[in-house]
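What follows is each chain in one-letter form.
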Amino acid sequence: YWRDWASVIEPLDTESTPSLPSKRLRDQFQQGMSTRYEHILADCDIQRHRWLERISAGFEKASVVIVHGASGQGKSALAYRWLHMETPSSWRLQIKLVENRREALQIAATLSSHAQAVGAPIAIYVDVRPYDQGWTLLVEELARIPQIRVLVTVREEDWRRATLSRSDVEFEGISVSLDRV
């Protein structure tokens with residue numbers, strides 16, 4: 001149970017201080033480096049209210065929301081911003097990597113136990129990396145747990161390759177594209 005914490009399952013905590021100065025975080029974000037939660041804590045992103053509202057509306061319909069789009073569209077920043085604004089920091093977690101079926105089942109069992117122990121709804125963020133294996137199984141397993149909401153971001157090409165179907169799990173899909181501000 002505990003081996004997954006801080007290695008695969010990471011809390012997204014607003015109490016943690018960014019590891020870099022705000023200016024450096026802004027520079028990284030503007031250069032297109034991979035978005036991290038600390039970029040959101042430093043307000044490096046532009047809040048895209050229309051997309052944030054679509055995620056909230058998706059969770060009104062299903063416990064799983066999948067945000068997909070081309071690389072560089074801001075899916076991760078959008079997910080981190082939504083989590084930051086809409087979920088209590090104690091109940092927001094990120095899955096770093098799902099390598100295979102066995103690991104997906106282990107992570108799901110760990111999170112199920114945690115959700116039952118705390119007795120409160122928790123939000124799980126899965127940022128699918130290129131060619132991640134097992135993420136669809138993880139989402140299917142987590143979707144069965146009533147206290148868990150799952151927010152997934154996935155590149156369009158990986159989404160097209162995915163084997164997740166609406167018959168396996170009820171989800172809302174959101175196709176993201178860049179907006180003019």
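We now turn to the structure provided with this report. (Residues numbered from 1 in each chain as written. Predicted model: local features only at pLDDT ≥ 70, side-chain atom pairs only at ≥ 80, totals over all residues. Heavy atoms only, no water.)

1. Some points on the pattern of salt bridges
Summed over all chains, the structure comprises 9 salt bridges. Two residues, Glu-10 and Lys-96, come together in a salt bridge whose shortest N-O distance is 3.2 Å. Note that Glu-10 is positioned in strand 1 (residues 9-11) and Lys-96 in the loop between strand 3 (92-95) and helix 5 (101-118), a separation of 86 residues in sequence. Assessed through its relative accessible area of 33%, Lys-96 is described here as partly exposed. Where Arg-81 meets Asp-45, a salt bridge forms, and the shortest distance between an N and an O atom there is 2.7 Å. Taken together, the residues Arg-81 in helix 4 (residues 75-86) and Asp-45 in the loop between helix 2 (37-41) and helix 3 (49-61) connect sequence positions 36 residues apart. With relative accessibility at 4%, the residue Arg-81 sits in the buried group. (Salt bridge = Lys/Arg side-chain N within 4 Å of Asp/Glu carboxyl O. Helix = DSSP H or I, 4+ residues; strand = E, 2+ residues; numbered from the N terminus. Buried < 20%, exposed > 50% of the residue type's maximum accessible area, 1.4 Å probe, protein only.)

2. Description of unusual backbone geometry
The backbone of Asp-43 sits at a positive phi, close to 55°, despite the residue not being glycine. On the secondary structure map, Asp-43 appears in the loop between helix 2 and helix 3.

3. Some points on the side chain of Arg-92
One can find Arg-92 in strand 3. We classify Arg-92 as buried; its relative accessible area is 2%. One polar contact links the side chain of Arg-92 to the main-chain carbonyl oxygen of Leu-12, over a distance of 3.1 Å. (Polar contact = N/O pair within 3.5 Å; in protein donor to acceptor, adjacent residues only side chain to side chain.)

4. Quick notes on the side chain of His-68
Positionally, His-68 belongs in strand 2 (residues 64-69). A distance of 2.9 Å separates a polar atom in the side chain of His-68 from a polar atom in the side chain of Glu-156.

5. A look at the sheet that holds strand 1
Taken together, the 6 strands give an open sheet; going across it, the order is 1-3-4-5-2-6, and neighbouring strands pair in mixed fashion. Of all the strands in the sheet, the pair left with one neighbour each is strand 1 and strand 6 (172-175). Mean inter-strand twist for the sheet, computed between neighbouring axes without regard to direction, equals 20°. Of the strand pairs in this sheet, strand 2 and strand 5 (residues 148-155) are connected by 6 bridges, and their pairing is parallel. In the strand pairing of strand 5, Val-67 is matched with Thr-153. Helix 4 contacts strand 2, strand 3, strand 4 (122-127) and strand 5 of the sheet and is inclined by roughly 160° relative to strand 5. (Pairing = 2+ DSSP bridges. Axes fitted to C-alpha atoms, helices over the stretch in contact; angles between N-to-C directions. Contact = heavy atoms within 4.5 Å.)

6. Quick word on the nonpolar core
If you look at the biggest cluster of nonpolar residues, it comprises 31 residues, and the most contacted ones within it are Ile-95, Leu-111, Ile-124, Val-126, Leu-138, Leu-142 and Ile-148. Leaving out residues up to four positions away in the same chain, Leu-142 has contacts with Ala-108, Leu-111, Ile-124, Ile-148 and Val-150. One finds Leu-12, Leu-52, Ile-55 and Val-65 within the second-largest nonpolar core, a separate group that totals 20 residues. (Core = buried A, V, L, I, M, F, W, Y, C linked by side-chain atoms within 4.5 Å.)

7. A short note on helix 4
Counted at 1.5 Å a residue, the expected span for helix 4 with its 12 residues is 16 Å, and the 16 Å between its end C-alpha atoms agrees. By the criterion of burial, helix 4 is predominantly enclosed, with 9 of the 12 residues buried. Of all the residues in helix 4, the buried ones are Lys-75, Ser-76, Ala-77, Leu-78, Ala-79, Tyr-80, Arg-81, Trp-82 and Leu-83. (Expected span 1.5 Å × (residues − 1).)

8. Concerning the packing of helix 5 against helix 6 (residues 135-143)
Two measures define how a pair of helices packs: the angle their axes make with one another and the distance between the axes. Where helix 5 contacts helix 6, the axes come no closer than 8 Å and their chain directions differ by 25°. Considering their axes alone, helix 5 and helix 6 lie roughly parallel with respect to each other. The hand of the helix 5/helix 6 crossing is right-handed. Across the interface between the two elements, Arg-101, Ala-104, Leu-105, Ile-107, Ala-108 and Leu-111 from helix 5 touch Leu-137, Leu-138, Glu-141 and Leu-142 from helix 6. Its residues assigned to classes, the contact of helix 5 with helix 6 comprises 8 nonpolar, no polar and 2 charged. (Parallel < 35°, antiparallel > 145°, perpendicular 65-115°, else oblique. Left-handed = near helix turned anticlockwise from the far one by under 90°. Nonpolar A, V, L, I, M, F, W, Y, C, P; charged D, E, K, R; others polar.)

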